[in-house]
Each structure stands twice: as structure tokens, then as C-alpha cells.
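Letter by letter, the chains look like this.
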Amino acid sequence: MKISMYVAAVLAGAAVLAGCSKQSPTQRSAATAPAAQASPKLDIRPLGDEEISIDTSRIQSEELKKVFDYIDANIDQHVANLQKWIQQPSVSNTGEGIQESAEMVKGFFDQLGCQQTEIYEPGLTDWGQQGNPVVYANCDEGAEKTLVIYWMYDTMPVTQPDLWKAPPFEGRLVEQAPFKKVLIGRGAVNSKGPQMVELNALMAIKAVTGTLPVNIIFVADGDEERMSMGYRKFMTEHPEKFAKADAMFLFGGQSAGGAGRLGAGSEGLFYVELTTSGEKWGQGPNYSDIHGGNKRTVASPAWRHMKMLSTLIDEDTHKVLIDGFYDNVAPIPAAADELMRKEATQLDLKKAAQNLGVEKFFTDDPYTYIKQQRFGMSFNLDGIWGGNMFAGGSGSILPNKVVSKHSFRYVPNVTSEELLTKLRKHLDKRGYNDVEINVIGDMPWSKVETNTEIGRAVVRMMDAFNMQHGKLSDEPSIALFGGAGMNMMAPAWPAYLVRNDKLNMPVISGSAGLGGNAHAANEFYVIEGAGKVYGMAGAEKSIATVLYNFAGKN
């Protein structure tokens, strides 16, 4: 695989943070001093306008304190590292920049000093699509414990470029109240920002001490936005690469109010495409689109598709109308229901809608809203295409077929096989047996307990960073635990691939830092913190603290 000149330049720039792992800490400090002087002048304030601070009495390691100082001194370069990564597109749904990005990520791991780095080409995946590369690295530091760090280097496409306040692949720093500096860019929060925070923290530890407190195994998913199809194949075929791992850690962040979020369970996510065509229907164009003037005498598969879709969702209640859709949903625990009712008394739905960028929610009842967010099922129309797809102007087309893409969000104890069967029966019962269902992929729900060694390491960090957080739990859950208890159902990610008979390792997410607008215009990551939210420097310190806690060195 040939690395582009652009990627080579980026990797050369990233090298300023890495040193020879054989150097002593004193030699390393001297070696990195010129790099610090050569850092870009971004004038980043490490503490920004933060009203929250680290309780230094809980930071016992002198090494860790030196790492904190190093992060503050080099924060301009660390932000520049994120800008360079944002400037490399990595859109898995279109393939734009994917191969170059895989090489770039491998270069990150090489610069960190990992002894084994490789790009795995998965080929055809379980659902028939070509998988994107998985990047694997093994960094043996001679430590007692080994931590797997999950990454995803792919991002969503940019679908509405005119809405962005800065070009999506520039990495521009802008003011966005209450923060003086945030970075705007596709992938800023989902998930290059939080992951660069991890890499910067690891680089900082090595620059100060010459070694990491734990062994690290990286696995970087290039298909997360496509149901992790390539990653699924890699994990299924190579469990031996994780045999020595003690736990998995993945990127996280704070809530908008500053609370820490604990958790690593996952809701279920199941994708299908529905296709109505003239050929299968036996009416309308049977080969290609035709002139729209023929609608006077030719039936329209597009109108039929619209009528079919209208049978799936109730327009007024927004409930899914697929027969038996809500059967088998696990009952809500009484304690969780009591907690939700309590939290509902403190929730401002108008403010929540404003923060999300929606006009309103389809319920005005805070309790109903919270219950839906944490235990609800949904069937979404993610996209639809066919015929004249050009905005504005005209052009008369009678499409020969229409395709719509749909995602199920599902919970214990529902399965994707059950949902697929019910969808097929629903369509057949209503005379739409000609409508084709194409399975795109599945990410089953996965329950995870948080009261583990890595979970306790994260909680000790949050306590030291004065971040509110929920309680650790011995009961496996798919929820995120935040400052007021359970925040919401954990977003879909391929947790099920490490929570199985072959691996079944503890998993946790949790760190400082904040971003927003994932999958939307003006995706951002906070660079200079404010109020109860840490900026990038604080986020990096939180990662370093988790590693030292987990290693038993703090």
C-alpha cells in the first residue's frame, strides 16, 4: 500500500512528539526541548476558563505530575496534531481517504514506539460488502497489565456543507460560547478528538518517563459508521491477538453540564434497505428511469414506496406499527424507573431541544422523554433515493426503483433476527411482498458491568478531577452512568465483539473533555475548557491518570 506524500508529511510532523524509547528521561527531555520550541503558535490556554480543577492531593505519582506539566507546555502542538488528523478525510461510506487514513493511524502507532503495527485488509465481510482496513498495534512496555484501546478512524460524510461555519476538513479554531476555542471539523468529536487526546497523553508519558505504565494494544476500526463490518471479521478471526489483555478502554467525555460518564455497554443497531422496483412489482418502469411525462399512463414505484413506508410508523404517536415490534422488550427495573421519575423533575425539555438543535421533542413530558432515551426502541428512515436527486431546478423523471435506508435501535431481550422476521411479515400481510429487504449489518446489544478494575481506575480519576459521576455497578447494563445516575442508553458500538465466549474482557469508557454535533454540521471538540468542562489539556491529563491508576502507580 503506497503512502501519500500528504500522509508522509503529517507523520513527519507527528514525530516531534516521539523520541527513542531507549533514551533516559533526562535525555528525552533534552531531545524534545527543540520540538517544543518549534511547536505552532496557537496560544492555547491549557486551563481556559475552567472553574473545575484537579484535586492534586489525589495525584500521588510525581511522574504523573510531570506528565501534566509536559501536557500544558506542549498543548499547542497537541492541538496541531488533531488539526492534521482532521485535515485527512476518512469517510467510510464513500471510501474517501480511507486507505491514506489507515496508513496515517499506523504511523501514529509507529511513532509511539509500538513493536508490532499492521494494517489488516478484511476483504469481503459477513454481509457481502468489502471491509475497510483495521489497524492493529502491540506496544509491549514490559508492564504487568495490558490494556486494549479501541479506536475508530472513519467518519460520516459531509452532507450539508453550506451549513458549516468553517470548512469540515480544515480543523479551524473558533469561539463558541461559553468556550473561547473549539475545533470545528468532521470527526472532531466522533471520534478523532477524543482519540488524539489519548495518543497525545501516551506520547506525553513516554516523553517524560521513556515508557508507559501499562502495555497497550490498539485496534482501530475503519468501518464503525458501516456497522464495523471489517472490524467484526478481524476480531472474529484473530482473538489470539488479545489473549494477554486485561481490559479494554475506549474514548469518552463529559456531559454538557460537566458530569463524567461511565459505561461501555451498547444498544442494538440493525440496518436494512427497502427497495421497491417496477420489475419486482410488475408495474411501472422495469429497466431504468423514464421520462416523468409517462406518469399519465404508467404506475409509479416511488408512490408505492411512499405508501409502504406510511404503514410502518404512526404519524401522531410516532410508534412503530410493525406487528409485535415491542414484544420481548425487557421490563424496566423498578429502581431505574424511580430514578427516572426523580430526574424528570429537574429536566428542562425546551433547553434540551435547543442544545440538540431540534424544534421540539415529540413528547412534552420529561419522564416519557427520559424513558424513551434509556429504554426505547425505534425504527428510523435514515435516507431515501431514486430518480431526480438534484436540488433545485427541474428534470422530469419517473424512477424505476426507490431505495430507503433504515436503522432499528433495539434493547434487551430483542434480537435482529426477530425484527427482520416481523418486518417481512408486516410487508407481506399488507400486500408488499415485492418489496425487497437487504440486510446491511447488525450490532447486537451488549451488557457490561462497570465495577471492575478498569472501572475503578476511571472513577478514581473522576474523583480526582472533581467530576460528578454515577455509581459503579456489578449488574451488567447497556446504560451510561452519569452524574445524576443513568444518563441514557449507551450509543451503539461493537462491544459485543469483546463481550463473548472468546474474549469477554472488562470494558469501560470515561474521560474528561467535551464535543458535540456528531453526524451533523459544525461538529466540534472543546480545546479551551470553561465552567465545569475541561479542555483538551484536562482531557489528556485524565487519560494519563486512568493509565497510572490502572497500573497501580497512583
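As the structure is a computational prediction, the values presented were derived from the model and not from experiment. (Residues numbered from 1 in each chain as written. Predicted model: local features only at pLDDT ≥ 70, side-chain atom pairs only at ≥ 80, totals over all residues. Heavy atoms only, no water.)

Enquirer: Sorry if this is basic, but what is going on with unusual backbone geometry here?
Expert: Most peptide bonds take the trans configuration, and most residues that are not glycine carry a negative phi. The step from alanine 177 to proline 178 runs through a cis peptide bond, and the omega angle for that step is 5°. With an omega dihedral of 0°, the bond running from asparagine 190 to serine 191 counts as a cis peptide bond. You can see serine 191 is positioned in helix α6 (residues 188-209). Positive phi outside glycine occurs at asparagine 466, with the angle close to 55°. Structurally, asparagine 466 is set in the loop between α14 (453-464) and β15 (479-482). (Helix = DSSP H or I, 4+ residues; strand = E, 2+ residues; numbered from the N terminus.)

Enquirer: Sorry, what's going on with a nonpolar patch on the surface here?
Expert: On the surface, Trp303, Met306, Leu381 and Ile384 cluster together into a nonpolar patch covering about 410 Å² of accessible area. Of all the elements in the fold, those that place two or more residues in the nonpolar patch are α9 (301-310) and β11 (378-385). Positionally, leucine 381 belongs in strand β11. A relative accessible area of 42% means that leucine 381 is categorised as partly exposed. (Patch = residues over 30% accessible without salt bridge, like charges linked within 9 Å, V, L, I, M, F, W, Y side chains within 5 Å. Areas by Shrake-Rupley, 256 points an atom, 1.4 Å probe, with all protein chains shown as cover. Salt bridge = Lys/Arg side-chain N within 4 Å of Asp/Glu carboxyl O. Buried < 20%, exposed > 50% of the residue type's maximum accessible area, 1.4 Å probe, protein only.)

Enquirer: Before we go on, may I ask you to explain the packing of α6 against helix α15 (residues 536-551) in this structure?
Expert: A pair of packed helices can be characterised by two numbers: the angle between their axes and the separation between those axes. Where α6 meets α15, the axes come as close as 8 Å, and the angle between the chain directions of the two elements is 65°. The orientation of α6 with respect to α15, classified from their angle, is roughly perpendicular. Note that α6 runs across α15; the crossing there is right-handed. Taking contact as the criterion, the partners of Met196, Val197, Glu198, Asn200, Ala201, Leu202, Ile205 and Thr209 in α6 are, on α15, Met536, Ala539, Glu540, Ile543, Ala544, Leu547 and Tyr548. Within the contact of α6 with α15, the residues separate by chemical class into eleven nonpolar, two polar and two charged. (Axes fitted to C-alpha atoms, helices over the stretch in contact; angles between N-to-C directions. Parallel < 35°, antiparallel > 145°, perpendicular 65-115°, else oblique. Left-handed = near helix turned anticlockwise from the far one by under 90°. Contact = heavy atoms within 4.5 Å. Nonpolar A, V, L, I, M, F, W, Y, C, P; charged D, E, K, R; others polar.)

Enquirer: Explain the state of the cysteines to me, please; I cannot follow it from the model alone.
Expert: When the sulfur atoms of two cysteines share a covalent bond, that bond is a disulfide. Within the structure shown, the criterion is met by one disulfide. Disulfide pairing is shown between cysteine 114 and cysteine 139; the S-S distance is 1.9 Å. Handedness here is read from the sign of the S-S torsion; for cysteine 114 and cysteine 139, about 60°, the answer is right-handed. Within this pair, whereas cysteine 114 is found in the loop between α5 (98-112) and β2 (116-120), its partner cysteine 139 is found in strand β3 (residues 134-139), the two being separated by 25 residues in sequence. Each member of the pair, cysteine 114 together with cysteine 139, is buried. (Disulfide = S-S within 2.5 Å.)

Enquirer: What exactly am I supposed to notice about the nonpolar core here?
Expert: Side chains that are nonpolar tend, in soluble globular proteins, to be buried together. Membership of the largest hydrophobic core comes to 74 residues, with the highest contact counts inside it found for Trp151 and Phe218. Sorting elements by how many residues they give to this core places α6 first, with eleven residues. Beyond its immediate sequence surroundings of up to four residues, tryptophan 151 is in contact with Trp85, Val105, Phe108, Phe109, Gln195, Glu198, Leu199, Phe218, Val219, Ala220, Asp221 and Phe251. (Core = buried A, V, L, I, M, F, W, Y, C linked by side-chain atoms within 4.5 Å.)

Enquirer: Where do I start with the side chain of threonine 275 in this structure?
Expert: For threonine 275, the position within the fold is in strand β9 (residues 268-277). Relative accessible area serves as the criterion here: at 12%, threonine 275 is assigned to the buried category. If we skip the residues at most four places from it in the chain, threonine 275 touches His305, Lys401, Val402, Val403, Asp434, Val435 and Glu436.

Enquirer: Hey, could you run me through the pattern of salt bridges in this one?
Expert: Once the charged atoms of two side chains with opposite charge are near each other, the side chains can pair. Counting across every chain of the model gives 26 salt bridges. Across the pair glutamate 528 and arginine 45 runs a salt bridge, and its minimum N-O distance is 2.8 Å. Here glutamate 528 is found in strand β19 (residues 524-528), whereas its partner arginine 45 is found in the loop between α2 (25-37) and β1 (49-50), with 483 residues between them in sequence. A relative accessible area of 1% means that glutamate 528 is categorised as buried. Arginine 45 gets classed as partly exposed once you look at its relative accessible area, which sits at 32%. Where aspartate 72 meets lysine 541, a salt bridge forms, and the shortest distance between an N and an O atom there is 2.8 Å. Remark: lysine 541 occurs in helix α15 and aspartate 72 occurs in helix α3 (residues 62-73); sequence separation between them is 469 residues. Note on aspartate 72: relative accessible area 26%, which makes it partly exposed. Relative accessible area serves as the criterion here: at 5%, lysine 541 is assigned to the buried category. Each of Arg45, Asp49, Lys180, Lys181 and Glu528 takes part in a single network of salt bridges with overlapping partners.

Enquirer: Help me understand the pairing of strand β8 (residues 247-250), please; the structure alone is not making it clear to me.
Expert: The side chains of a regular strand alternate between both faces of the sheet. Neither face of β8 is left uncovered, since the one carrying Ala247 and Phe249 and the one carrying Met248 and Leu250 both have all their residues buried. Examined bridge by bridge, strand β4 (residues 146-152) and β8 share four bridges and lie parallel to one another. Counted as the bridge partner of tyrosine 150 is leucine 250 from β8. Sheet analysis places β8 next to strand β17 (residues 507-509), joined by three bridges and oriented parallel. (Pairing = 2+ DSSP bridges.)

Enquirer: How should I be thinking about the sheet that holds strand β7 (residues 215-221) in this particular structure?
Expert: The strand order β2-β3-β7-β4-β8-β17 describes an open sheet built from six strands, whose pairing is mixed. Of all the strands in the sheet, the pair left with one neighbour each is β2 and β17. Geometrically, the sheet is characterised by an average inter-axis angle of 20° between neighbouring strands, direction not taken into account. Sheet contacts for α5: β2, β3, β4 and β7; angle to β2, the most-contacted strand, approximately 170°.

Enquirer: Just to check I follow, could you spell out the environment of glycine 470 for this structure?
Expert: Note on placement: glycine 470 falls in the loop between α14 and β15. What makes glycine 470 buried here is its relative accessible area of 5%. Once the C-alpha coordinates of glycine 470 and glycine 222 are considered, the two residues, 248 residues apart in sequence, prove to be 31 Å apart.

Enquirer: Looking at this structure, how should I read α14?
Expert: Along an α-helix, residues three or four positions apart point the same way, because every turn accommodates 3.6 residues. When the terminal C-alpha atoms of α14 are compared, their 17 Å separation across twelve residues agrees well with the 16 Å that a helix rising 1.5 Å per residue should span. Restricting attention to buried positions, one finds in α14 the residues Ile454, Gly455, Ala457, Val458, Val459, Met461, Met462 and Ala464. In the core, the buried residues of α14 are packed alongside β4, β8, β17 and α15. A positive phi of about 55° marks asparagine 466, the residue just after α14. (Expected span 1.5 Å × (residues − 1).)

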